[in-house]
Amino acid sequence: QVQLVESGGGLVQAGGSLRLSCAASGLTFSTFAMGWFRQAPGKEREFVAAVSKYGQTAYGDSVKGRFTISRDNAKNTVYLQMNSLKPEDTAVYHCAASPTFLAVRTSPSQWGQGTQVTVSS
């Protein structure tokens, strides 16, 4: 059974930083592409970032230059470093996994429960 467990969310002031973690189990982590999505109240789910099993990365337009995704295959963990946070980054952030880089950006097969990030102005 695949499990994705996010951590690291919280309350931060605008301009601050947070690092989210997603610990994966029940899958061969190194063979999966991993990603992050977010959903704010009343809004559609939004793609944030993804990393392929080879280390290729992709970002949503609203976070380019501020967020960095990385993975540690030895720890079965994917990270999202978020800098220069803005109030509009407030959302529940979900970890995602899929066998391909395209799928993890468009229609992930596995989802975590999410972690709340709140950015105050």
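Cut-offs and rules
- Residues numbered from 1 in each chain as written.
- Predicted model: local features only at pLDDT ≥ 70, side-chain atom pairs only at ≥ 80, totals over all residues.
- Heavy atoms only, no water.
- Helix = DSSP H or I, 4+ residues; strand = E, 2+ residues; numbered from the N terminus.
- Rg over C-alpha atoms; globule rule 2.2 N^0.38 Å.
- Buried < 20%, exposed > 50% of the residue type's maximum accessible area, 1.4 Å probe, protein only.
- Disulfide = S-S within 2.5 Å.
- Core = buried A, V, L, I, M, F, W, Y, C linked by side-chain atoms within 4.5 Å.
- Contact = heavy atoms within 4.5 Å.

Q: Would you mind going over the overall build of the protein chain with me for this structure?
A: Scanning the protein chain from N- to C-terminus turns up one helix and 11 strands. Starting at the N terminus, the α and β elements of the protein chain follow one another as β-β-β-β-β-β-β-β-β-α-β-β. Its C-alpha atoms give the protein chain a radius of gyration of 13 Å, near enough to 14 Å, the size a compact globule of 121 residues would have. Considered along the principal axes of its C-alpha atoms, the protein chain spans approximately 40 × 25 × 25 Å. Across the 121 residues in the protein chain, those meeting the buried criterion constitute 45%.

Q: Sorry, what's going on with unusual backbone geometry here?
A: Leave glycine aside and you will find that most residues have negative phi; peptide bonds, for their part, are mostly trans. The phi dihedral of Asn76 is positive, around 50°, even though this residue is not glycine. In this fold, Asn76 is placed in the loop between β7 (67-72) and β8 (77-82).

Q: What exactly am I supposed to notice about the state of the cysteines here?
A: This structure, assessed with the given rule, holds one disulfide. The disulfide partner of Cys22 is Cys95, and the gap between their sulfur atoms is 2.1 Å. Because the torsion about its S-S bond is -80°, the bridge between Cys22 and Cys95 counts as left-handed. Placement of the pair is Cys22 in strand β3 (residues 18-25) and Cys95 in strand β9 (residues 91-98), with a sequence separation of 73 residues. Residue class for Cys22 comes out buried when judged on its relative accessible area of 0%. On the accessibility criterion, Cys95 (0% relative accessible area) is buried.

Q: How should I be thinking about the nonpolar core in this particular structure?
A: In globular proteins that are soluble, nonpolar side chains generally tend to be buried together. Counting residues in hydrophobic clusters, the biggest one holds 28 residues, and the most contacted among them are Met34, Trp36, Val78, Leu80, Met82 and Tyr93. When near neighbours in sequence (up to four residues on either side) are disregarded, Val78 contacts Leu20, Ser21, Cys22, Phe29, Met34, Trp36, Val51, Ile69, Ser70, Arg71 and Cys95. The next biggest cluster of nonpolar side chains, apart from the first, holds eight residues, and it includes Phe37, Ala58, Phe101 and Val104.

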